[in-house]
Amino acid sequence: MFRFLLTKLGGLVPTFVGVTLLTFAMIRLIPGDPIEVMAGERGINPERHARLMHEFGFDRPILEQYVFYIGDVFRGDLGKSLVTKKPVIDEFLLLFPATVELSIVAMVFAILVGLPVGVLAGVRRGRPADHTVMALSLAGYSMPIFWWGLLLIILFSVTLGWTPVSGRLDFIYFVQPVTGFMAIDTLLSDQEGSFLDALHHLVLPSIVLGTIPLAVIARMTRSAMLEVLSEDYVRTARAKGLSPFRVIGVHALRNALIPVVTVIGLQVGTLLAGAILTESIFSWPGIGKWLIDSIGRRDYPSVQGGILLVAIVIMLVNLAVDLMYGLINPRIRHAR
Amino acid sequence: MKRQFLGAAVLATAVLGFAFAADAKTLVFCSEGSPEGFNPQFFQAGTTFDASSRAIFNRLVEFERGGTSIQPGLAESWEVADDGLSYTFHLRKGVKFHGNATFTPTRDFNADDVVFSFERQWKTDHPYHAVTATTYQYFGDMGMPDLLKAVEKVDDMTVRFVLNAPEAPFLSNMGMDFASIMSAEQADALMKAGTPEQIDQTPVGTGPFMLVDYQKDAVIRYKANADYWEGKPAIDDLVFAITTDASVRYAKLKAGECHIMPYPNPADIKAMKADPTLTVMEQEGLNVGYLAFNTEKKPFDNKLVRQALNYAINKDAILKGVFQGAGQAAKNPIPPTIWSYNDDVKDYGYDPVKALQLLKEAGLQGGFETDIWAMPVQRPYNPNAQRMAELIQADWAAIGVKAKIVSFEWGEYLDRSKKGEHQTMLLGWTGDNGDPDNFLHVLLGCDAAKSGGNRARWCDKAFDDLVVAAKRTADVAARTDLYKKAQVVFKDEAPWVTVAHSVVFMPMRKEVTGYKMDPFGIHQFYGVDIQ
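The rules behind these values
- Residues numbered from 1 in each chain as written.
- Chains lettered and ligands numbered in written order.
- Predicted model: local features only at pLDDT ≥ 70, side-chain atom pairs only at ≥ 80, totals over all residues.
- Heavy atoms only, no water.
- Disulfide = S-S within 2.5 Å.
- Helix = DSSP H or I, 4+ residues; strand = E, 2+ residues; numbered from the N terminus.
- Buried < 20%, exposed > 50% of the residue type's maximum accessible area, 1.4 Å probe, protein only.
- Pairing = 2+ DSSP bridges.
- Axes fitted to C-alpha atoms, helices over the stretch in contact; angles between N-to-C directions.
- Contact = heavy atoms within 4.5 Å.
- Phe/Tyr/Trp six-rings, centres within 6.5 Å; stacked < 30°, edge-to-face > 60°.
- Lys NZ or Arg CZ within 6 Å of the ring centre and 35° of its normal.
- pLDDT = per-residue confidence, 0-100.

(A) Just the state of the cysteines, in detail. Residue and element names in this part refer to chain B. In total, this model carries two disulfides over all chains according to the counting rule given. Across a sulfur-sulfur distance of 2.4 Å, Cys 30 and Cys 258 are joined as a disulfide pair. The disulfide joining Cys 30 to Cys 258 has a torsion of about -105 degrees about its S-S bond and is therefore left-handed. One end of the pair, Cys 30, is in the loop between β1 (26–29) and α2 (46–51); the other, Cys 258, is in the loop between α9 (246–254) and α10 (269–274), and 228 residues separate them in sequence. According to the relative accessible area criterion, Cys 258 is buried, its value standing at 0%. Between Cys 446 and Cys 459 runs a disulfide, and the two sulfur atoms are separated by 2.0 Å. One quick way to see it: the torsion about the S-S bond of Cys 446 and Cys 459 is about 95 degrees, and its sign makes the bridge right-handed. One end of the pair, Cys 446, is in helix α17 (residues 446–451); the other, Cys 459, is in the loop between α17 and α18 (461–472), with 13 residues separating them in the sequence. Listing the disulfide partners of chain B by sequence rank of the bonded cysteines yields 1-2, 3-4.

(B) Quick peek at the sheet that holds strand β10 (residues 237–241) of chain B. Residues and elements named next belong to chain B. Here four strands make up an open sheet; going across it, the order is β1-β10-β9-β8 and the pairing mixed. Two strands bound the open sheet, and with one partner strand each, they are β1 and β8 (209–215). Across the sheet, the mean angle from the axis of one strand to that of its neighbour is 20 degrees, orientation sign disregarded.

(C) Expanded view of the sheet that holds strand β4 (residues 75–80) of chain B. Residue and element names in this part refer to chain B. Strand order across the open sheet formed by four strands is β4-β5-β7-β6, with antiparallel pairing between neighbours. The two strands at the open ends of the sheet, each matched to only one other strand, are β4 and β6 (148–155). For this sheet, the mean angle separating the axes of adjacent strands, direction not counted, is 20 degrees. Across six bridges, β6 lies against strand β7 (residues 158–163) in antiparallel orientation. Residue pairing in the sheet places Leu 148 in a bridge with Leu 163 of β7. Strand contacts of helix α4 (residues 111–122): β5 (86–91), β6 and β7, with the helix running at about 160 degrees to β6, the strand carrying the most contacts.

(D) Seen up close, the side chain of Ser172(B). Residue and element names in this part refer to chain B. As for its position among the elements, Ser 172 is in helix α7 (residues 170–173). Assessed through its relative accessible area of 5%, Ser 172 is described here as buried. Every residue in contact with Ser 172, bar those within four places of it in the chain, is listed here: Phe 63, Ile 70, Asn 433 and Asp 435.

(E) A look at the packing of aromatic side chains. A full pass over the atoms with the stated rule returns 40 aromatic pairs over all chains. An angle of 55 degrees between the planes, with centres 5.6 Å apart, marks the rings of Phe161(B) and Phe170(B) as tilted. Summarising the burial analysis for this pair, Phe161(B) and Phe170(B) share the class buried. Aromatic rings pair up to connect Trp78(B), Tyr87(B), Phe89(B), Phe118(B), Phe161(B) and Phe170(B) into one cluster. The residue whose ring lies beneath Arg221(B) is Phe174(A), and the NZ or CZ to ring-centre distance is 4.5 Å.

(F) Up close: the confidence of the model for chain B. All names here are of chain B. Scored by pLDDT, chain B has a mean of 91; 96% of the residues are at 70 or more. Model confidence for chain B, summarised as mean pLDDT per element, is weakest for helix α1 (residues 2–18) at 42 and strongest for β7 at 97. For this predicted complex, the interface confidence reaches an ipTM of 0.84, while the overall pTM sits at 0.86.

Here is the structure:
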């Protein structure tokens with residue numbers, strides 16, 4: 001187990017270097033000089049231009065900039081935002097809980113709906129229930145998040161008035177961030193009604209963010225179920241006279257879950273990518289929205305640092321998924 | 001640690017009675033983005049100024065609400081020396097600074113605050129100069145370091161600014177956001193406590209609203225300043241709900257989650273105007289979109305050619321096709337909201353026949369080949385430069401002028417055009433201080449032709465003499481006269497095609513009263529009420 005963990009962690013190093021190199025190079029490959037862009041129509045005199053280039057370190061050779069950058073990264077210093085002048089890591093940590101909260105709720109929604117629906121489609125293969133689930137999941141999978149979000153806002157928030165349009169909490173509540181998770185902070189704040197209001201604000205964004213993972217999970221569960229249901233041990237279980245619920249729920253589902261868990265793990269990447277759009281629509285103050293803003297403002301340190309931190313999160317989640325297989329199926333425990 | 005500190009401070013403030021009372025009048029503004037910070041000295045974005053300088057701070061002079069003319073602010077009156085080299089400001093008595101959990105002012109506003117606010121940006125050895133950052137962008141861009149010779153405290157309530165050269169727009173500069181006045185007393189206290197950087201996190205000003213809390217990228221809360229020197233604001237609480245998407249802002253406005261929103265989608269304006277619960281205000285922006293002829297290159301050194309190409313362009317089609325109604329045809333290089341705008345100037349109408357005739361006079365009846373540079377980005381004065389270039393290309397083709405459309409990445413575009421590589425190009429300008437000089441001299445003067453800011457590279461002695469003379473005199477009536485004459489020269493010489501000024505829309509709920517649109521595109525809420 002220990003050795004397994006070590007090899008896995010070792011595998012992360014090249015990925016890490018790759019990610020830093022990519023983000024570093026990509027943002028610098030965009031032609032045009034950032035100081036000139038910042039100055040806009042007004043322009044900037046050459047002397048001031050040179051001074052700013054030096055201050056930001058853009059006047060050094062690109063390789064040297066990278067080496068300095070990596071050195072700082074290993075010291076835990078991701079630099080300061082060019083815009084807000086605050087450390088990138090502080091800004092990330094401030095906003096990350098909002099993204100995690102939204103992603104968790106979206107994932108829970110996707111699993112709670114996706115799994116049973118997938119099982120249903122698998123068990124009722126070829127029947128109307130199956131066709132409906134497959135058609136809906138295809139639609140969900142292909143849904144442009146931005147359009148889907150606006151559609152739900154217009155229907156549920158503007159026309160029906162059931163849900164708030166955007167944000168994390170009604171401004172009549174004044175809740176100080178303690179954990180950064182609004183659902184927890186509102187509970188800690190003992191302001192009556194604020195917890196429910198926080199949940200209320202979570203509904204639409206998590207449905208929007210959870211739609212693609214939901215579709216993927218449903219389809220994966222269905223195909224895994226189909227495979228497992230034709231296995232001998234399922235026939236045996238049925239022959240033993242076990243109730244259909246026990247056969248499907250315990251014997252079949254447990255084995256069908258392995259590929260499903262893999263897919264769920266892979267969806268974390270999808271979730272974080274989807275969060276960029278979802279957060280922009282719902283004015284959700286998380287890292288997705290922050291990254292978009294930083295790209296627009298050419299805030300190099302924030303973009304580099306932000307992408308790097310997101311990549312680290314995805315790598316760690318994938319590692320956790322690898323470890324989880326063992327919990328589901330003892331045969332894959334890591335003696336290798 | 002810093003965050004916890006701020007959090008605790010804000011929590012304490014809330015407990016001390018700043019909590020949002022249920023019956024308080026709260027105005028919610030669905031702002032379009034997050035402020036970069038709360039010290040306006042470092043920034044240039046309107047979004048940041050809305051949240052910082054215009055809500056929290058005051059300046060020595062202020063722009064009239066809804067206009068560009070200067071009126072007293074923290075200075076009750078001022079005198080300009082005859083040689084135009086020194087400005088003496090007499091400060092307003094009894095102005096109180098805000099307090100917060102970590103700072104309680106013990107004295108009223110005085111000359112020390114003014115000296116501190118400018119010296120921090122100006123003097124590189126000032127103890128606060130390098131706190132947070134040293135990029136005092138706007139201060140530098142407006143040429144303040146070269147312009148200032150001294151900022152002197154004459155007595156507690158008098159400050160004198162000595163300049164290196166007479167510069168009439170200096171007074172307008174004093175109304176700009178970077179010239180906001182901060183508390184020297186707070187600065188001293190923080191320096192003693194060893195936390196000078198807090199000055200930019202916990203802003204203390206004299207303005208109509210006090211910052212209560214900022215939750216990054218989500219919401220900014222303000223409380224009305226009950227001691228405000230112009231009188232307490234009509235609303236009690238001001239909330240900025242940061243909402244970056246225009247469609248979502250509109251949805252929030254409809255759902256009653258906010259009262260006012262900036263920057264609607266042009267496509268939504270019609271529906272907004274038809275909605276009985278909403279009012280849509282509109283005004284020309286403080287900008288101009290133009291096409292500049294490179295007058296150093298043939299055949300654009302010939303006035304007749306420039307006039308011909310002016311006559312050939314159908315501006316109405318551009319206003320419809322590019323601005324979708326959110327624009328107004330421009331005839332002068334300054335927008336109509338700026339004082340000294342010359343409404344007597346007559347624009348070149350759309351007249352291809354006249355254009356052909358002028359080309360013939362210039363000896364170019366067969367037409368010629370040229371280029372049109374179109375910038376790759378959306379700007380307030382030009383929402384779609386590519387499309388605009390295509391329309392102009394078609395108009396010119398009709399009189400035999402074949403133009404190739406050229407574009408570069410934005411930084412590259414600005415840089416190359418500054419060097420004069422173009423033949424004709426699209427660009428524009430958004431005003432900084434509402435002074436005509438900020439357009440006429442900065443964009444069209446001979447100095448700018450040398451430095452590249454004048455994209456037409458046009459140096460006309462008659463025009464330049466007028467705008468330089470206007471810069472040297474502080475008398476507004478005399479300046480107005482000079483600028484009006486300069487606009488006539490400009491139109492006849494036609495170094496640009498003045499294309500359009502954008503029209504800015506502000507949708508708000510019917511219950512909002514007293515809102516005034518600001519020509520600078522700034523959003524301020526003093527004087528606004530909810531019925």
